[in-house]
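Each chain, letter by letter, is given below.
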Amino acid sequence: MSSGFIMSPFNLETCARANILALEPYRCARDDYKDDGTNILLDANENACGPSLTPSAVEAASTGSGVEIDFLGLHRYPDPHQRDLKQLLCNLRNTHVHTDKSITPDNLFVGVGSDEAIDALLRCFCVPGKDRILVCPPTYGMYSVSAQVNDVGLVKVPLLPAPKFGLDVAKIQDALSTEQNVKMAYFCSPGNPTGSVLAKDDIKRILEHRTWNGIVVVDEAYVDFAPEGASLAEWVAEWPNLVVMQTLSKAFGMAGIRLGAAFAAAPVARLLNSLKAPYNISSPTSALASYVVSDAGLAVMRKNKERLVRQRERLLQELPKIKGVGRLRGGTESNFLLFEMLNAEGKPDNTVALAVYETLAENRGVVVRFRGKEHGCLGCLRITVGTEEEVTRFLQAIEQVLADVNGSKAKAPADEAKREAEANRVV
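As the structure is a computational prediction, the values presented were derived from the model and not from experiment. (Residues numbered from 1 in each chain as written. Predicted model: local features only at pLDDT ≥ 70, side-chain atom pairs only at ≥ 80, totals over all residues. Heavy atoms only, no water.)

Draft legend 1. Focus on the sheet that holds strand 9 (residues 325-328). Strand order in this open sheet of 4 strands is 9-10-13-12, and the pairing throughout is antiparallel. The sheet is open, and its two borders are formed by strand 9 and strand 12 (369-370), each paired with just one other strand. As paired strands, strand 10 (residues 336-341) and strand 13 (residues 380-384) are joined by 5 bridges and run antiparallel to one another. Looking at the pairing, leucine 337 lines up with isoleucine 383 of strand 13. (Pairing = 2+ DSSP bridges. Helix = DSSP H or I, 4+ residues; strand = E, 2+ residues; numbered from the N terminus.)

Put into C-alpha cells, the structure is as follows:
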C-alpha cells in the first residue's frame, strides 16, 4: 500500500450482523445446471407451457405496441398503489366459495414475488433476536432463509407422514400454546415439495386458537393447479389473523416478472403497504401482470394448465412402471410430483436419488430436484411437469439412468453427505 493511505480499521467479521455472517449462500435453481437452450428444466416448478400471453400479445409487446406497456412513460416512476391490478386479482379470487363477503384492493399487498411478502411479514410482526415463526417441514425453504436474514428463530412441527403430509394440528396447537414469542405460522398449500392441499378445517382450527396472538400465513403459490375453489384468498374477509400469499410465477407462467401478492384483512394489508419500498412494482411488470389476469390471459393460463395436467397424469401412469421408481410420496395438486428412487434392493435410497439427479443433469440434460434430505422425503426427487416433448425425454432418460445407477457396483463417494446437503439446499 502506498504511504499516502492509512489502513482502515474495518473488519467485516465484527461489522456485519452475526446472523447474516452465518447465512449459507442462497442457492437457486440454475446454480448447478444452466439453461443452455438444450436442457429439459424440470427442477424449479416453472410453467413449461410458457407465459399466459396470446401470440398476438407477445408479438405486440415485442414490437413495443401492445399489452398496454407505455415504453415512452418509463422515465416516470410507476404507480405506487397498483389498485387497478389489485382489483383484477380480487376479481379472480372473489369466488364466494368460502364467504359471501368480497375482498377489495384494501385487502392486498403486491410485491416482488411471494418472497417480498414473506420478508415483509417477518419485518412487520417479528422483533429480531426475540420472536420466532412456526414452520412445518418438509416445506418451502425461503421461510427459513428469510427468518435467518431477519434474525428470527424457528419452531418446527413436521407435517404428518407421507403421502398425506397434512398438518399435525394437535402438535401445532400445543406449540402455539407453550412456545414463547411465536408470531406467525407459515403453511404451504399445495405444499412444496409435497404437492398436497392442506385441509381447510385444519387451518380453521389453528385460526381459532384460544390463546395465541399471531398470524397464520398460507402460501398458495401452486393453488391454480389444485381443484376449483381451493384458494382461501377471499377468506381473509372473515379472519383478521389470516394472510394468503400467491404468485404469478407458476400457473400463469410469469416467473420472469416477479409478481406476488398477499391477501389479508385490511389493517394487516395497510401495515404491509406502509413498510414496502414506494415503487416496488415496475410499470412493465404491472402491465404484464394486469394482462395475464384479464379475460384473455386467463384463457391462455387455463389452456396451458390443461396441457400440464394431462402430462401430470401421464407421469403418474408411466413412472411407476419404471424399474427403480418407488412410491409417489405426496399429492397431485400442483405442477410437480415427488417420487422415491429405489436401490437394487427395492428400498428408497438417497445415494441412488442423488446419482440419478446428477447423471440426468450432467449426461442427459434433464434437470430435476433432489429432496432426499427433507423430512419424510428419503430417496425422493421432485419432478416438475413439463410439456409433452419434455416428459417423453425425461421418461426415456430416467429409465436408462436408473438402470445404469443400480447396475453399477460403485460405492458411494467419500463426499456423499456433503453433496446431498448441497443439492438439497437449493431453494
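Let us keep going from here.
Draft legend 2. Expanded view of the packing of helix 12 (residues 350-364) against helix 14 (residues 416-424). Between helix 12 and helix 14, the least distance of the axes is 11 Å, while the angle of their chain directions is 60 degrees. Helix-helix and strand crossings are classified by hand; for helix 12 and helix 14 the assignment is left-handed. Seen from helix 12, the contacting residues are Asn350, Thr351, Leu354, Tyr357 and Glu358; seen from helix 14, they are Glu416, Arg419, Glu420 and Ala423. Looking at the contact of helix 12 with helix 14, its residues break down into 3 nonpolar, 2 polar and 4 charged. (Axes fitted to C-alpha atoms, helices over the stretch in contact; angles between N-to-C directions. Left-handed = near helix turned anticlockwise from the far one by under 90°. Contact = heavy atoms within 4.5 Å. Nonpolar A, V, L, I, M, F, W, Y, C, P; charged D, E, K, R; others polar.)

Draft legend 3. Spotlight on the sheet that holds strand 4 (residues 153-156). A sheet is described by the order of its strands in space; here 7 strands give the open sequence 2-8-7-6-5-3-4, paired in mixed fashion. Whereas interior strands pair on both sides, the edge strands pair on one side only; in this sheet they are strand 2 (108-111) and strand 4. Sheet twist, expressed as the average angle between the axes of neighbouring strands with direction ignored, equals 25 degrees. In this structure, strand 2 lies alongside strand 8 (residues 260-264), joined through 4 bridges in antiparallel fashion. Its bridge partner being in strand 8, phenylalanine 109 is matched across the sheet by alanine 262.

Draft legend 4. How the structure looks around the side chain of arginine 329. By secondary structure assignment, the location of arginine 329 is in the loop between strand 9 and strand 10. Overall, the relative accessible area of 12% leaves arginine 329 in the buried class. The residues touching arginine 329, leaving out its near neighbours within four places in the chain, are Ala162, Pro163, Phe165, Leu338, Glu340 and Cys380. (Buried < 20%, exposed > 50% of the residue type's maximum accessible area, 1.4 Å probe, protein only.)

Draft legend 5. Focus on the state of the cysteines. Taken as a whole and assessed by the stated rule, the structure comprises 0 disulfides. For cysteine 124, which is in no disulfide, the shortest distance to another cysteine sulfur is to cysteine 126 and amounts to 9.2 Å. (Disulfide = S-S within 2.5 Å.)

Draft legend 6. Local environment of unusual backbone geometry. Cis geometry marks the peptide bond from alanine 162 to proline 163, where omega comes out at 5 degrees. For proline 163, the location among the structural elements is in the loop between strand 4 and helix 7 (169-178). Along the chain, serine 189 connects to proline 190 via a cis peptide bond; the corresponding omega equals -5 degrees. Of note, proline 190 is situated in the loop between strand 5 (182-188) and helix 8 (200-207). The residue glutamine 82 is not glycine, and still its phi comes out positive at about 55 degrees. For glutamine 82, the location among the structural elements is in the loop between helix 3 (55-62) and helix 4 (83-93).

Draft legend 7. Local environment of helix 4. Looking only at helix 4, the buried set comprises Leu85, Lys86, Leu89, Cys90, Leu92 and Arg93. Along the axis of helix 4, the buried positions cluster into a sector of 160 degrees, meaning they face one direction only. For helix 4, the secondary structure elements touched by its buried residues are strand 2, strand 7 (242-247), strand 8, helix 9 (266-275), helix 10 (283-292) and helix 11 (295-318). (Arc of directions from axis to C-beta.)

Draft legend 8. Quick peek at the packing of aromatic side chains. As enumerated under the stated definition, the model contains 5 aromatic pairs in all. A centroid spacing of 4.6 Å and a plane angle of 10 degrees characterise the contact between tyrosine 77 and tyrosine 279, whose relative ring orientation is stacked. Here tyrosine 77, found in the loop between helix 3 and helix 4, pairs with tyrosine 279, found in the loop between helix 9 and helix 10; they are 202 residues apart in sequence, far enough to count as distant. Here the aromatic residues Tyr140, Tyr143 and Tyr186 are joined through ring pairs into a cluster of three or more. Taking NZ or CZ as reference, lysine 200 lies 4.8 Å from the ring centre of tryptophan 235, over its face. The ring of phenylalanine 336 has arginine 382 lying over it, and the distance from NZ or CZ to the ring centre is 5.5 Å. (Phe/Tyr/Trp six-rings, centres within 6.5 Å; stacked < 30°, edge-to-face > 60°. Lys NZ or Arg CZ within 6 Å of the ring centre and 35° of its normal.)

Draft legend 9. How the structure looks around the environment of leucine 167. Within the secondary structure, leucine 167 is located in the loop between strand 4 and helix 7. For leucine 167, a relative accessible area of 3% translates into the label buried. Note: C-alpha distance between leucine 167 and phenylalanine 187 (20 residues apart in sequence) is 8.6 Å. Look past the residues within four positions of leucine 167 in its chain and what remains in contact with it is Cys136, Leu159, Leu160, Ile172, Phe187, Leu198, Asp202, Ile203 and Ile206.

Draft legend 10. Region of interest: the pairing of strand 13. Burial of strand 13 is extensive: 5 of the 5 residues sit out of reach of the surface. Every second residue of strand 13 is oriented toward a common face, with Cys380, Arg382 and Thr384 on one face and Leu381 and Ile383 on the other, all of them buried. Of the pairings in the sheet, the one linking strand 12 to strand 13 comprises 2 bridges and is antiparallel in character. Note that in strand 13 the partner of arginine 369 across the bridge is arginine 382.

Draft legend 11. Structural detail: the nonpolar core. Residues Leu134, Leu167, Phe187, Leu319, Met341, Val356 and Phe394 are the most contacted members of the largest nonpolar core, which totals 90 residues. With 8 residues, helix 13 (residues 388-407) is the single largest residue contributor to this core. Within the second largest apolar cluster, 27 residues are counted, among which are Leu121, Met184, Val243 and Ala269. (Core = buried A, V, L, I, M, F, W, Y, C linked by side-chain atoms within 4.5 Å.)

Draft legend 12. View of the side chain of aspartate 219. Relative to the helices and strands, aspartate 219 is located in strand 6 (residues 215-219). With no salt bridge to any partner, buried aspartate 219 finds its closest opposite charge in lysine 250, at an N-O distance of 9.1 Å. Contact partners of aspartate 219, with chain neighbours within four places excluded, come to Tyr140, Tyr143, Phe187, Cys188, Ser189, Pro190 and Met245. (Lys, Arg positive; Asp, Glu negative; His and termini not counted. Salt bridge = Lys/Arg side-chain N within 4 Å of Asp/Glu carboxyl O.)

Draft legend 13. Region of the structure containing the environment of proline 128. Along the chain, proline 128 falls in the loop between helix 5 (113-125) and strand 3 (132-135). You can call proline 128 exposed: its relative accessible area is 53%. As a C-alpha pair, proline 128 and asparagine 150 span 22 residues in sequence and 6.0 Å in three-dimensional space. The residues contacting proline 128, other than those within four sequence positions of it, are Asn150 and Asp151.

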